[in-house]
Amino acid sequence: MKLLVAENVISSDNSHFHFCNGTKPLMAGSPKRTYDITALQRGLSLLRLFGESPRGLTAKQVAGLSRLPVSTVHRFLANLVTAGFLSCDGDGHYHLGIACFAIGQAAVGQLDIRRLSLPYLRELNQQTRETIHLTVRHGLSAVYVEKLDSPEPLRIHSRIGAAVPLYCTAVGKVMLAYMPQEERDRVLPELLVKRLTPNTVGNLQELETELYRVRKNGYACDMEEHEMHIRCVAAPIWDHAESVQSSLSITAPVVRMPVNRLRQLAPLIQAAGLQISRELGYRAVKNPLPRVQLDKREAAEARFAKA
């Protein structure tokens, strides 16, 4: 991987991370494109009709409200039923389906986690002076949904909405490590494991070993595994169902993140993760961490409480 130096900007080849020296923007703005896919727009418009009709609608009513031919409406409704976005009862009334509920719940959950996490992300950012990320799982990737920049001149540039692999990032490995065994056994073979740097795991056996280490420690590290010259430490965020679908991380250039500092920051980010988890309704029955790690994390929690 090359480092390109121009106008006080140090940038790597990776599209998700690069270093910024100073405050100049690194990416030129590109013109915003607009797309108009008629069939998609019509389908979404029909779904909105059902959102305003709690008792459901018949195909004839949908045709009247949408001003589309009944035959066209039937085709749209059939496809939406097949995809789970609509359901149809015995009287021919269509209602919003379980897929709409699932997407709505996911959206609400993600919005809530950003709002609830922000005070703790800010505290981490102030205490560490490093870049802080909040991620949620989306399929086989982790997606950045919040980010606070480091105030340091040399810092990591990343963008909200970018997706990174689960298997070679600290935020992703945390999510994999705390999956239920059955789900993890299903997901791991679906991962396209390839070495992005000399430090990336090369096969599923190496990954399994790494995930065991994550569960044992209670946090994950990215030791230049996703991109050279960048290190991260991440902790899980549990929801009310004791599921880990989110994580948070401290990210820094390797010149500011030697191994001893990374280990010192681990209890701090674990404490923040647990605080956010409690905000989301998580109540731990027992704590799997060794006593020495618990002592460090409890001390970090005390620092958060005083802040």
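It should be noted that the structure appears before, not after, this text.
Below is a summary of the structure that appears in this document. (Residues numbered from 1 in each chain as written. Predicted model: local features only at pLDDT ≥ 70, side-chain atom pairs only at ≥ 80, totals over all residues. Heavy atoms only, no water.)

All right, on to the overall build of the chain then. For the chain, the count of helices and strands is nine helices and 12 strands. In the chain, the proportion of contacts linking residues at least 24 apart, taken out of those at least 6 apart, comes to 59%. For the chain, the computed accessible surface area is about 16700 Å², with 54% contributed by carbon and sulfur atoms. (Helix = DSSP H or I, 4+ residues; strand = E, 2+ residues; numbered from the N terminus. Contact = heavy atoms within 4.5 Å. Areas by Shrake-Rupley, 256 points an atom, 1.4 Å probe, with all protein chains shown as cover.)

Considering all chains together, one arrives at 13 salt bridges under this definition. Linking Glu 152 and Arg 129 is a salt bridge whose minimum nitrogen-to-oxygen distance equals 2.8 Å. Here Glu 152 is found in the loop between strand S7 (141–148) and strand S8 (154–157), whereas its partner Arg 129 is found in the loop between helix H4 (98–128) and strand S6 (131–138), with 23 residues between them in sequence. Arg 129 sits in the partly exposed class, given a relative accessible area of 40%. For the salt bridge of Glu 225 with Lys 173, the shortest nitrogen-to-oxygen distance reads 2.7 Å. With Glu 225 in the loop between strand S10 (220–223) and strand S11 (230–238) and Lys 173 in helix H5 (residues 170–177), the pair connects residues that are 52 residues apart, well separated along the chain. (Salt bridge = Lys/Arg side-chain N within 4 Å of Asp/Glu carboxyl O. Buried < 20%, exposed > 50% of the residue type's maximum accessible area, 1.4 Å probe, protein only.)

What follows covers the sheet that holds strand S9 (residues 163–165). Spatial ordering of the open sheet is given by S9-S7-S6-S12-S11-S10, a layout of six strands whose pairing is antiparallel. Edge strands, defined here as strands with exactly one partner in the open sheet, are S9 and S10. Sheet twist, expressed as the average angle between the axes of neighbouring strands with direction ignored, equals 30°. Two strands pair when backbone bridges link them, and S10 and S11 are joined in this way by four bridges, in the antiparallel orientation. Note that in S11 the partner of Cys 221 across the bridge is Val 233. Strands S10, S11 and strand S12 (244–253) of the sheet are contacted by helix H8 (residues 259–279), whose axis makes an angle of about 25° with S11. (Pairing = 2+ DSSP bridges. Axes fitted to C-alpha atoms, helices over the stretch in contact; angles between N-to-C directions.)

For an α-helix, the turn length of 3.6 residues means that residues three or four places apart are oriented alike. Here helix H2 (residues 59–66) has its buried residues at Ala 59, Val 62 and Ala 63. Down the axis of H2, the sector holding all buried residues measures 100°, keeping them to one side. Every exposed residue of H2 that faces more than 90 degrees away from the buried side is listed here: Lys 60, Gly 64 and Leu 65. Of the residues trailing H2, Arg 67 is marked for its positive phi of about 60°. (Arc of directions from axis to C-beta.)

The next thing to look at is H8. Over its 21 residues, H8 runs 30 Å from end to end, which matches the ideal 30 Å to within 8%, given 1.5 Å per residue. The sharpest bend along H8 comes to roughly 30°, located at Leu 265, with the proline Pro 267 sitting one to four residues further on. Counting buried positions along H8 yields 15 of 21 residues, so the element is predominantly enclosed. Among the residues trailing H8, Gly 281 stands out with phi positive, at a value near 100°. (Expected span 1.5 Å × (residues − 1). Bend = angle between axes of the 7 residues up to and from the residue.)

Moving on, we come to the packing of aromatic side chains. Counted by the stated rule, this structure contains two aromatic pairs. Here Tyr 178 and Trp 238 contribute two aromatic rings whose centre-to-centre distance is 5.5 Å and whose plane-to-plane angle is 75°, an arrangement assigned as edge-to-face. Pair noted here: Tyr 178 is in the loop between H5 and helix H6 (181–187) and Trp 238 is in strand S11, with a separation of 60 residues, a long-range link. With respect to class, Tyr 178 is no different from Trp 238; both count as buried. For Trp 238, a relative accessible area of 15% gives the class buried. Ring pairing ties together the aromatic residues Tyr 178, Trp 238 and Tyr 282, which thus form one cluster. (Phe/Tyr/Trp six-rings, centres within 6.5 Å; stacked < 30°, edge-to-face > 60°.)

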